[in-house]
Amino acid sequence: MKVGVSLEKLKIKSSRLQFIDLLYIMGAAYVVLGHSTINYVTDWGAPNLRESSVATLINKYIYSFHMPLFFFISGFVYKFNISKRKYIEFKPFLVSKFNRLMVPYLLVGILYVSVIKLIQGQYQLDNFISSVYKNIFLGFNPSQLWFLLCLFSIFIIYFHLRKIVDKYINNIFINLIIFWTFFYFYCFFDLGKGYFQIDKTLDYLIYFHLGYITFAKRNLINLSNKDSILLFITHIIFFIISRFAHIPLSGFINSLLGIYSYFAITKTIIDVFPNISKMRIYTLLRKHNLDIYLYHQQIILLLISSYKFRSLNPFLVVIISFFVSIIISIFIAKIIESIKMAKLITK
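In this report, we go over the structure that sits alongside the text. (Residues numbered from 1 in each chain as written. Predicted model: local features only at pLDDT ≥ 70, side-chain atom pairs only at ≥ 80, totals over all residues. Heavy atoms only, no water.)

1. Some details on the packing of aromatic side chains
Logical step 1: Scanning the model with the defined rule gives 51 aromatic pairs in all.
Logical step 2: Ring geometry for tyrosine 186 and tyrosine 207: centres 5.9 Å apart, planes at 90°, overall edge-to-face. With tyrosine 186 in helix H7 (residues 172–187) and tyrosine 207 in helix H8 (residues 198–216), this pair connects stretches of sequence that are 21 residues apart.
Logical step 3: The exposure class of tyrosine 186 is partly exposed, given its relative accessible area of 23%.
Logical step 4: Taking relative accessible area as the criterion, tyrosine 207 reaches 1% and is therefore assigned buried.
Logical step 5: Ring geometry for tyrosine 207 versus phenylalanine 252: centroids 5.9 Å apart, planes at 35°, classification tilted. One end of the pair, tyrosine 207, is in helix H8; the other, phenylalanine 252, is in helix H10 (residues 250–272), and 45 residues separate them in sequence. (Phe/Tyr/Trp six-rings, centres within 6.5 Å; stacked < 30°, edge-to-face > 60°. Helix = DSSP H or I, 4+ residues; strand = E, 2+ residues; numbered from the N terminus. Buried < 20%, exposed > 50% of the residue type's maximum accessible area, 1.4 Å probe, protein only.)

Below is the structure:
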């Protein structure tokens, strides 16, 4: 009996795609790990006193695919929901996505991210309101919350495009035109302003589209476990080669290989370990993966702002930053679960 990745056999009647939950958990973990190592690549909130080639390599690897993966998953799940006749009317769709994305964006951006920036001295008390207006309401620099703003914009854009995409889903010529249009945005379109994260929205639109198309064409994907492992190895090898050799469009290729290799591997993990979803840690992380994303960055920044902490061995800095930020993020979520704001943030 062949066991592997066969998306054609997905249980469309299911309210959840289990391997997608695992992908979200892994994606959130990679975001936290990426931020735990980024200070060895650039001055991210505080200068580092040590160098670490390992931390730098880990960071470069994670940043080669982790955010495109999130947008790909979103497109995949969006098409999954469309197949269940959800999100057909625009108004309820808009309200749903605003509650899911923009409410936490505004609440966390104003009451958490901006307050931490004020404490750290990135904002001054006399210009706090103007800083919040520029960076949160105008979306100039909303820290990690840029993802929510971009995803909301992409959902609005794609809602009006999906009828065209669905109508010509089997037309190779039309599909190529759509793909190359999105690819043009990815490669060349740059307003250079930063407001409302428009440039990033257009950059990541192609990955959302690929996720949508992947679900629509899931009958064409049938990988064995061996195929999934080989794809993952190919992804790792290409990343290493691209670190030492100039390869045209290596960034885009790395993203695609990372997306589809993790996509395949997580499906294989679920097939091999079908009871993984019953594990407590899995359930906890699945429930709080958005909370981890929302709160972790400022916790890491507060940690690395300490001179003594930055002076520790890079391995300890990364490990402590990773686990402490996840634990405190979940703790914050637990604290606010008893108040109504929690329902707004995690709705």
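2. What to know about the packing of helix H3 (residues 66–83) against H10
Logical step 1: It is the contact of H3 with H10, at a shortest axis distance of 9 Å, that shows an interaxial angle of 55°. By the criterion of interaxial angle, the relationship of H3 to H10 is oblique. The hand of the H3/H10 crossing is right-handed. Contacts from Pro68, Leu69, Phe72 and Phe76 in H3 reach Ser255, Ile259, Tyr260 and Phe263 in H10.
Logical step 2: Class assignment of the residues belonging to the contact of H3 with H10 gives a composition of 7 nonpolar, 1 polar and no charged. (Axes fitted to C-alpha atoms, helices over the stretch in contact; angles between N-to-C directions. Parallel < 35°, antiparallel > 145°, perpendicular 65-115°, else oblique. Left-handed = near helix turned anticlockwise from the far one by under 90°. Contact = heavy atoms within 4.5 Å. Nonpolar A, V, L, I, M, F, W, Y, C, P; charged D, E, K, R; others polar.)

3. Quick look at helix H2 (residues 53–62)
Logical step 1: Ala55, Thr56, Asn59, Tyr61 and Ile62 are the residues of H2 that are buried.
Logical step 2: Buried residues along H2 sit against helix H1 (18–37), H3, helix H9 (225–244), H10 and helix H13 (314–336).

4. Observations regarding the environment of serine 64
Logical step 1: With respect to the element layout, serine 64 can be found in the loop between H2 and H3.
Logical step 2: Beyond its immediate chain neighbours, meaning those up to four positions away, serine 64 contacts Phe239, Gly251, Asn254 and Ser255.

5. Remarks on the packing of helix H6 (residues 146–167) against H8
Logical step 1: The N-to-C vectors of H6 and H8 enclose an angle of 50°; their axes lie 9 Å apart at closest approach. Comparing the axis directions of H6 and H8 gives the class oblique. Relative to H8, H6 is oriented so that their crossing is right-handed. Contact residues: H6 offers Trp146, Cys150, Leu151, Ser153, Ile154, Phe155, Ile157, Tyr158, Arg162, Val165 and Asp166, while H8 offers Lys200, Thr201, Tyr204, Leu205, Phe208, His209, Tyr212 and Ile213.
Logical step 2: In terms of residue class, the contact of H6 with H8 is made up of 13 nonpolar, 3 polar and 3 charged.

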